[in-house]
Amino acid sequence: GAPEPLRWLLRSPFDRNVPVQLELQELLLDHVFQRLGVASQGCVDHPIVLTEAVCNPLYSRQMMSELLFECYQVPKVSYGVDSLYSFYHNRRQNWPCSGLVISSGYQCTHILPVLDGRLDAKNCKRINLGGCQAAVYLQRLLQLKYPGHFAAITLSRMEEILHEHSYIAEDYIEELQKWRSPEYYENNMHKMQLPFSNKLLGSTLTSEEKQERRQQQLRRLQELNARRREEKLQLDQERLDRLLYIQELLEDGQMDQFHKALVELNMDSAEELQSYINKLSLSVEQAKQKILQAEVNIEVDVVDSKPETPDLDPLGSEQSLEDVESINEFEPLFAEEQPEVEKPVAAVQPVFNLAEYHQLFLGTERIRAPEIVFQPSLIGEDQAGIAETMQYVLERYPKEQQAILVQNVFLTGGNTMYPGLKARVQKELLEMRPFQSSFQVHLASSPVLDAWYGARDWAVEHMTREEGWITRKDYEEKGGEYLKEHCASNVYVPIRLPKQAPRTTEALAPSRALTSSTGNPCEQA
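Per chain, residues are indexed from 1 in the order of the written sequence. Reporting of local features is limited, given that this is a predicted model, to residues whose pLDDT is at least 70; pairs of side-chain atoms are given and counted only at 80 or more, and all residues count toward the totals for whole chains, interfaces and linings. For side-chain calculations, the full set of non-hydrogen atoms in the structure is used, while hydrogens and water are omitted.

Going by what an unreviewed UniProt entry lists, the protein is known as Actin-related protein 5 and is assigned to Nipponia nippon. What UniProt states about the protein under its Sequence similarities (unreviewed entry) heading is, verbatim, "Belongs to the actin family. ARP5 subfamily." UniProt positions are given in the numbering used here, feature names are shortened, and annotations may be inferred rather than shown by experiment. Under Subcellular location (unreviewed entry), UniProt gives the following word-for-word description of the protein: "Nucleus".

Caption draft 1: Region of the structure containing the overall build of the protein. Summing up its helical and strand segments, the protein has 20 helices and twelve strands in all. By definition, residues are in contact when any of their heavy atoms lie within 4.5 Å. Contacts in the protein between residues far apart in sequence, at least 24 positions, make up 73% of those at least 6 positions apart. Element-wise, carbon and sulfur atoms account for 52% of the exposed surface of the protein, whose accessible area totals about 34,400 Å². We count a stretch as a helix when DSSP gives it H or I for four or more residues in a row; a strand needs E for two or more, and each element gets its number in order from the N terminus. Per-residue and other accessible areas follow the Shrake-Rupley method at a 1.4 Å probe size, with only the shown protein chains counted as cover for residues.

Caption draft 2: The arrangement of the packing of helix α3 (residues 82-89) against helix α17 (residues 450-461) in detail. Each axis is a line fitted through C-alpha atoms, taken for helices only over the stretch in contact, and angles between the N-to-C directions span 0 to 180 degrees. The N-to-C vectors of α3 and α17 enclose an angle of 70°; their axes lie 7 Å apart at closest approach. Relative to α17, the element α3 is oriented roughly perpendicular. Contacts between α3 and α17 involve Asp82, Tyr85, Ser86, Tyr88 and His89 from the first element and Asp450, Ala451, Tyr453, Gly454, Ala455, Arg456, Asp457, Trp458 and Glu461 from the second. Each residue belonging to the contact of α3 with α17 can be placed in one class, and the counts come to six nonpolar, three polar and five charged. Any angle between 65 and 115 degrees counts as roughly perpendicular, while under 35 counts as roughly parallel, over 145 as roughly antiparallel, and the rest as oblique. Gly counts as polar in this scheme, as do all residues outside two lists: the nonpolar Ala, Val, Leu, Ile, Met, Phe, Trp, Tyr, Cys and Pro, and the charged Asp, Glu, Lys and Arg.

Caption draft 3: Just a nonpolar patch on the surface, in detail. On the surface, a cluster of nonpolar side chains totalling about 260 Å² of accessible area is made up of Leu24, Leu27 and Leu28. Along the chain, Leu28 falls in helix α1 (residues 22-35). Relative accessibility decides the category of a residue: with a 1.4 Å probe and only protein chains considered, values under 20% of the type maximum give buried, values over 50% give exposed, and everything between is partly exposed. Judged by relative accessible area, which is 32%, Leu28 ranks as partly exposed. A patch is a set of surface residues, each over 30% in relative accessible area and not in a salt bridge, joined within 9 Å for like charges and within 5 Å for the nonpolar side chains Val, Leu, Ile, Met, Phe, Trp and Tyr. What makes a salt bridge here is a side-chain nitrogen of Lys or Arg within 4 Å of a carboxyl oxygen of Asp or Glu, nothing more.

Caption draft 4: Seen up close, empty space enclosed by the protein. The method works on a 1 Å grid over the protein atoms by themselves. A cavity is a set of points holding a 1.4 Å probe that cannot get out, a pocket is an open set with protein on both sides within 12 Å along at least five of seven lines, and residues with an atom within 4 Å of a point line them. Grid points are joined across faces, edges and corners, and a volume is the space filled by probe spheres set on the points. A full pass over the atoms with the stated rule returns one cavity of 30 Å³ or more. Counted as a void, the largest cavity has a volume near 60 Å³. Taken together, Ile102, Ser104, Ile168, Val373, Ile386, Leu411, Asn415, Thr416, Tyr418, Leu421 and Val425 make up the full set of residues lining the largest cavity. Of all the secondary structure elements, the ones that give two or more residues to the lining of the largest cavity are β4 (99-104) and α16 (421-432). Classifying every residue of the lining of the largest cavity by side-chain character gives eight nonpolar, three polar and no charged.

Caption draft 5: View of the state of the cysteines. Criterion for a disulfide: a pair of cysteine sulfur atoms within 2.5 Å. Taken as a whole, this structure holds zero disulfides when the rule is applied. There is no disulfide at Cys55, and the cysteine sulfur nearest it, in Cys124, is 5.1 Å away.

Caption draft 6: Molecular detail of the packing of aromatic side chains. What counts as a ring pair is set by centres within 6.5 Å for rings of Phe, Tyr and Trp (its six-membered ring), and what kind of pair is set by the plane angle: stacked under 30 degrees, edge-to-face over 60, tilted for all other angles. On inspection of all chains with the given rule, the structure shows eight aromatic pairs. When the centroid spacing of 6.0 Å and the interplanar angle of 75° are considered together, the rings of Trp179 and Tyr185 count as edge-to-face. Under the relative-accessibility criterion, Trp179 is labelled buried at 6%. When the ring of Trp452 is compared with that of Tyr453, the centres are 5.6 Å apart and the planes differ by 75°; the resulting orientation is edge-to-face. Grouped by ring-pair contacts, the aromatic residues Trp179, Tyr184 and Tyr185 constitute a single cluster. Whether a charge lies above a ring is judged from NZ of Lys or CZ of Arg, which has to be within 6 Å of the ring centre and within 35 degrees of the ring normal. In this structure, Lys76 packs its charged tip against the face of Trp469, placed 4.7 Å from the ring centre.

Caption draft 7: Representation of unusual backbone geometry in the model. Look at Cys55: it is not a glycine, yet its phi comes out positive at around 55°. Note on Cys55: relative accessible area 43%, which makes it partly exposed. One non-glycine residue, Asn266, lies in the positive phi region at around 60°.

Caption draft 8: Examining the UniProt feature "coiled-coil region" (unreviewed entry) in the protein more closely. Under the present numbering, the feature "coiled-coil region" (unreviewed entry) in UniProt falls on residues 207-241 and 270-297. In this annotation, residues 207-241 is assigned 100% helix and 0% strand; the end-to-end C-alpha distance for the span is 51 Å.

Caption draft 9: Expanded view of α1. By this rule, a helix spans an expected 1.5 Å times one less than how many residues it contains. Given a rise of 1.5 Å per residue, 14 residues ought to cover 20 Å, and the 20 Å separating the end C-alpha atoms of α1 matches this to within 8%. Residues of α1 that are buried: Gln25, Leu29, Val32 and Phe33. Projection of α1 onto a plane perpendicular to its axis shows the buried side chains occupying an angular sector of 95°, all on one side. With respect to the buried face of α1, the exposed residues turned more than 90 degrees away are Glu23, Leu27, Gln34 and Arg35. Downstream of α1 by one or two residues, Gly37 has phi in the positive range, about 75°. To obtain the arc, one takes the directions from the helix axis to the C-beta atoms.

Caption draft 10: Summary view of the side chain of Ser78. If you trace the backbone, Ser78 turns up in strand β3 (residues 76-81). Taking relative accessible area as the criterion, Ser78 reaches 0% and is therefore assigned buried. Polar side-chain contacts of Ser78 include one of 3.5 Å to the side chain of His486. Ignoring anything within four residues of it in the chain, the contact list for Ser78 reads Ile48, Val49, Leu50, Tyr85, Trp458, Gly468, Trp469 and His486. Any pair of N or O atoms that falls within 3.5 Å is considered a polar contact. Within protein, one atom must be able to donate a hydrogen and the other to accept it, and sequence-neighbouring residues count only if both atoms are side-chain atoms.

Caption draft 11: Fine view of the environment of Leu142. Relative to the elements of secondary structure, Leu142 occurs in helix α4 (residues 131-145). Residue classification places Leu142 among the buried residues on the basis of a relative accessible area of 0%. Setting aside anything within four residues of it in sequence, one finds Leu142 in contact with Ile153, Met158, Ile161, Leu360, Leu362 and Glu365.

This is the structure:
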């Protein structure tokens, strides 16, 4: 039978992680083929199914087709839209072929009307909000709430909170009013534990260990100072030996060499030379004494932390004894007022709980972050939300087609996995649709993986058919931007270049006559 096609699902081009360079795309394809156990050297003898963005530009498709056909020599390629593949996978026997697909992913949200099994590209709308913007908004909220954990509140942790703790409120204002109740807050507030360490700086060191560490630091300082003194002493000794050698030249009567050496040292006379020799000799002697003294006092006496008992003044000892005797005479008078000596009670010191300090309390943030797809104004975006965009798309159709579309409102994409999203869409449809009109909202069985499953189902069913497959012959004849449409693909809009009318000799004659008549204004005058 025919080999099973390879399915490599590309993310939306609005995603920042999608590469647009041929070299990087080639490296990614090599990695995918290697992981699948397919040799990509020379030829990949497998059909390829890829996903592309809604209304993908022709240049992007041309670049990918050129890479697949020219570099990998694939037999045929098919392009489709991920949300439409998910719609195709979740189809049931009683489902209509038409519907309104709401696909919300990491970077954007699409509203896609499907009529009679084909995408209506003219009325597709995109909202530039998704899971990424919700995670960034939640990060800002928690960083303002917990400035002490600014670095620990990362985007990866915010995505974890969105997946595990967030939900869509059916009525956002009413839900906020509920959170004002302390009892409701205590029952619905979630806690998230941040990583922490019980070991604080200096908390595990005893007084003896601190004293030993202090002594080690003092020894290091002493060794460093001793090394610097020795280096300075060595340099001064070398300079002194040089000056003494020059002085010996004067004593030996070698005046020419003596004067030459003075010029090199920038000195004028023998008296100046003698003055430098005396200063250097004194400096060398002082350095030697300091080194000897440091060697004697290597061990440093560490001052005990306990205060010493001060010595009594010998001159005032007699006066102090007399004062003590006079105090003892008045002791019986104050005996009753003296309180009884109680046993010392150990004071209970409050213990700082690090675990509680590193906890995040998630309250209204659970609903505020995912609400941005319905109210983009929460983050300052001048866009319409899902409800307004859905109503705008429906109003572009007559009432009969509106009724058909709302009978199958399909939710797919990773950003539609919030609890309560289906109920929120139903509430919005109930408000915008006519009184007592019917509609149905369906959620994909696996919003994240159904795009892959749909591409697999389509490829298996259409393996032996020509529908939807672009062969190498089609690529060579019609170009890399060519697309064969199918139930989960974009609409192919070929490039139509305007034809230029041929310029005949009869049309050129009047222009030549006009230029000749207007060429010399003096002749016309």
